[in-house]
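# Results of the structural survey
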Amino acid sequence: MLTPDQRREQARTRVAAYGDPVRLRIALPSGPGATVLYAQVAASLMAAGITPQRVGMADDADLRLVDQIAPYDSARWYLANACAVCGDEARDALIAARDAPTLTERARLIAAADAALAVDTAFIPIARPLRWSLVALRLRQWRPNTRAWHPLNRLRDDTR
């Protein structure tokens, strides 16, 4: 197992082997949270000899932040969004999972698609999904759910 310093040195050696300066365009939204994220990512990249450049979300980029809320509970939704730019093997595995004839086969093929996506590395998860709820005491009809999404019209009795 390598120490953090050994990992950085190994990364610098690999980046230097490219010969030309290595630049990486990172698409992030504007705002303080994205700025903090960029600062941390940029510092790590610079330590490895890579020159980062922050670009807007609509610009050409080598890395792009994907920050979406799943509209429903489905591993397939996650994989389909993570596979927006993945290779053929990962894409084919995802299509096979979508077209599976049984739930058991679908579950097996979704696991295979996840493994293919991990090998492809087109998508790098940087955080676990976060779900939380902030609820006022006057909301008597609120009920927790796994997606932490609630239609507003059902939260209160008095909809004035």
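Residues numbered from 1 in each chain as written. Predicted model: local features only at pLDDT ≥ 70, side-chain atom pairs only at ≥ 80, totals over all residues. Heavy atoms only, no water.

## Some remarks on the pairing of strand β2 (residues 50-55)
Note the cut-off: In this analysis, strands are considered paired if DSSP registers two or more bridges between them. A run of H or I in DSSP counts as a helix once it spans at least four residues, and a run of E counts as a strand once it spans at least two, with each numbered from the N terminus. Crossovers are marked right-handed if the path from the first strand over the helix to the second runs clockwise, as seen with the strands pointing away from the viewer.
Alignment of strand β1 (residues 22-27) against β2, held across six bridges, turns out to be parallel. Residue pairing across strands places Ile26 opposite Arg54, the latter belonging to β2. Following the chain from β1 across helix α2 (residues 32-47) to the adjacent parallel β2, one finds a crossover that is right-handed.

## So, the environment of Ala116
Condition: Remark: exposure states derive from per-residue accessible area (1.4 Å probe, protein chains only) relative to the maximum for the residue type, with buried under 20%, exposed over 50%, and partly exposed in between.
Along the chain, Ala116 falls in helix α5 (residues 103-120). A relative accessible area of 11% places Ala116 in the buried class. Separated by 30 residues in sequence, Ala116 and Cys86 have C-alpha atoms that sit 9.3 Å apart.

## Things to note about the sheet that holds strand β3 (residues 63-64)
The pairing of strands in a sheet comes from backbone hydrogen bonds and takes either a parallel or an antiparallel form. Quick note on the threshold: A contact between two residues is defined here by any heavy atoms of the two lying within 4.5 Å. All axes are obtained by fitting lines to C-alpha atoms, using only the stretch in contact for helices, and the reported angles, taken between N-to-C directions, cover 0 to 180 degrees.
The three strands are arranged β2-β1-β3 in an open sheet whose pairing can be described as parallel. The open sheet has two edge strands, β2 and β3, and neither has a second partner. Relative to β3, β1 is paired through two bridges, and the arrangement is parallel. Across the sheet, the residue bridging to Ala27 is Arg64, located in β3. Relative to β2, α2 is tilted by about 160 degrees, and along the sheet it contacts β1 and β2.

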